[in-house]
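Residue-level structure breakdown
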Amino acid sequence: MTIAAAAVFCGSRLGILPAFTEAARETGAGLAERGIHLVYGGGAVGLMGVVAEAALEAGGSVTGIIPEFLHDREVMNERVTDLVVTGSMHERKRLMFAQADAFLILPGGLGTFDELMEIMTWRQLSLHDKPIVIVNVANWAVHVIAALEAAIEQGLADPSARALYQVVNDVPAAFDALRSMKKREEKEETHRL
Ligand SMILES: Nc1ncnc2c1ncn2[C@@H]1O[C@H](COP(=O)(O)O)[C@@H](O)[C@H]1O
């Protein structure tokens, strides 16, 4: 599978650690350098704004998808290559999903948790097979991952749920993960032929 576009889910705040902002910047620039189109939530605030600005500064292309009602709250980013204004959160999520070949999850709050959970449950239901990579910068995601492990240990989720996502510690490892997934799939494809 060629990863032509990646969706980045991350916070509408910067959070307290400079490492979060640095990871957002590295992600935006890294996508642009690899010729991967960025799909994101369309705001100019928080880590989401940092990812988009870094991608644009590095010469990348960016689609921002934002519901009309968040125009002021998340400061609709008019600088992106394509700005799509939706009527609802659900429409935003559906379009972000449709336009992305992979998902990178950076530090974020409730909105980011929601996006991560939904994209994982869609994969669990075999609605897609797109890579989901949690970038666990400065261990921001340990409690989310622990919650998933607890559900498995309590028999409330199948152990196969562990294969729905991959956890890496930094942005370069996230790009390596995407590259190795692509290589693995190409190998499997060759074996099938
Ligand atoms: N319920 C939600 N579904 C999808 N996206 C949401 C939801 N609530 C908020 N969001 C968006 O997620 C990003 C990041 O939010 P954080 O809470 O800062 O992680 C933001 O664009 C929200 O609009």
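Looking at an unreviewed UniProt entry, one finds the protein named Cytokinin riboside 5'-monophosphate phosphoribohydrolase, with Swaminathania salitolerans as its source organism. Its UniProt record, at the heading Sequence similarities (unreviewed entry), says of the protein: "Belongs to the LOG family." The UniProt entry for the protein carries the following text under Catalytic activity (unreviewed entry): "AMP + H2O = D-ribose 5-phosphate + adenine".

1. As for unusual backbone geometry
Look at V75: it is not a glycine, yet its phi comes out positive at around 50°. Along the chain, V75 falls in the loop between β3 (62–67) and β4 (82–86). Notably, A138 is not glycine yet its phi reads approximately 50°, a positive angle. Topologically, A138 is positioned in the loop between β6 (132–135) and α5 (142–153).

2. Observations regarding the packing of aromatic side chains
Each aromatic ring pair is characterised by the separation of its centres together with the angle its planes make. All told, the structure shown has three aromatic pairs when counted by the stated rule. Ring geometry for F9 and F103: centres 5.8 Å apart, planes at 15°, overall stacked. Remark: F103 occurs in strand β5 (residues 102–105) and F9 occurs in strand β1 (residues 5–9); sequence separation between them is 94 residues. A single burial state applies to F9 and to F103, both of which are buried. Site record: aromatic cluster; members linked through ring pairs are F9, F97, F103 and W122. Looking at R34, its charged tip hangs above the ring of F175, at a distance of 3.9 Å from the centre. Directly above the aromatic system of F97 lies the positively charged group of K130, at a separation of 4.2 Å from the ring centroid.

3. Observations concerning α5
Taking 1.5 Å per residue as the helical rise, α5 with its 12 residues ought to reach 16 Å, and the 16 Å between its terminal C-alpha atoms agrees with that figure. Those residues of α5 that fall on the buried side of the exposure criterion are V144, I145, L148 and I152. Considered in projection along α5, the buried side chains sweep an arc of 100° and stay on one side of the axis. Exposed side chains of α5 directed beyond 90 degrees from the buried face belong to H143 and E153. Where α5 is buried, its residues touch α4 (110–124) and β7 (166–168). Just beyond α5, the residue with positive phi is G155, at close to 75°.

Definitions and cut-offs
- Throughout this description, residue numbers start from 1 for each chain and increase along the sequence as written.
- Only residues with pLDDT of at least 70 are given local features in this predicted model, and only at 80 or more are side-chain atom pairs given and counted; all residues enter the totals for whole chains, interfaces and linings.
- The side-chain quantities take in all heavy atoms of the structure and omit both hydrogens and water.
- UniProt positions are given in the numbering used here, feature names are shortened, and annotations may be inferred rather than shown by experiment.
- Working definition: helices are DSSP H or I runs of at least four residues, strands are E runs of at least two. Numbering for both runs from the N terminus.
- Two rings from Phe, Tyr or Trp (for Trp, the six-membered ring) form a pair when their centres sit within 6.5 Å of each other. Planes less than 30 degrees apart are called stacked, planes more than 60 degrees apart edge-to-face, and all others tilted.
- Only protein chains enter the accessibility calculation, which uses a 1.4 Å probe; a residue whose area is less than 20% of its type maximum is buried, one above 50% is exposed, and one in between is partly exposed.
- In our convention, an over-ring charge means Lys NZ or Arg CZ found within 6 Å of a ring centre and within 35 degrees of that ring's normal.
- One fewer than the residue count of a helix, multiplied by 1.5 Å, yields its expected span.
- This arc corresponds to the set of directions leading from the helix axis out to the C-beta atoms.
- In this analysis, two residues are considered to be in contact whenever any of their non-hydrogen atoms come within 4.5 Å of each other.

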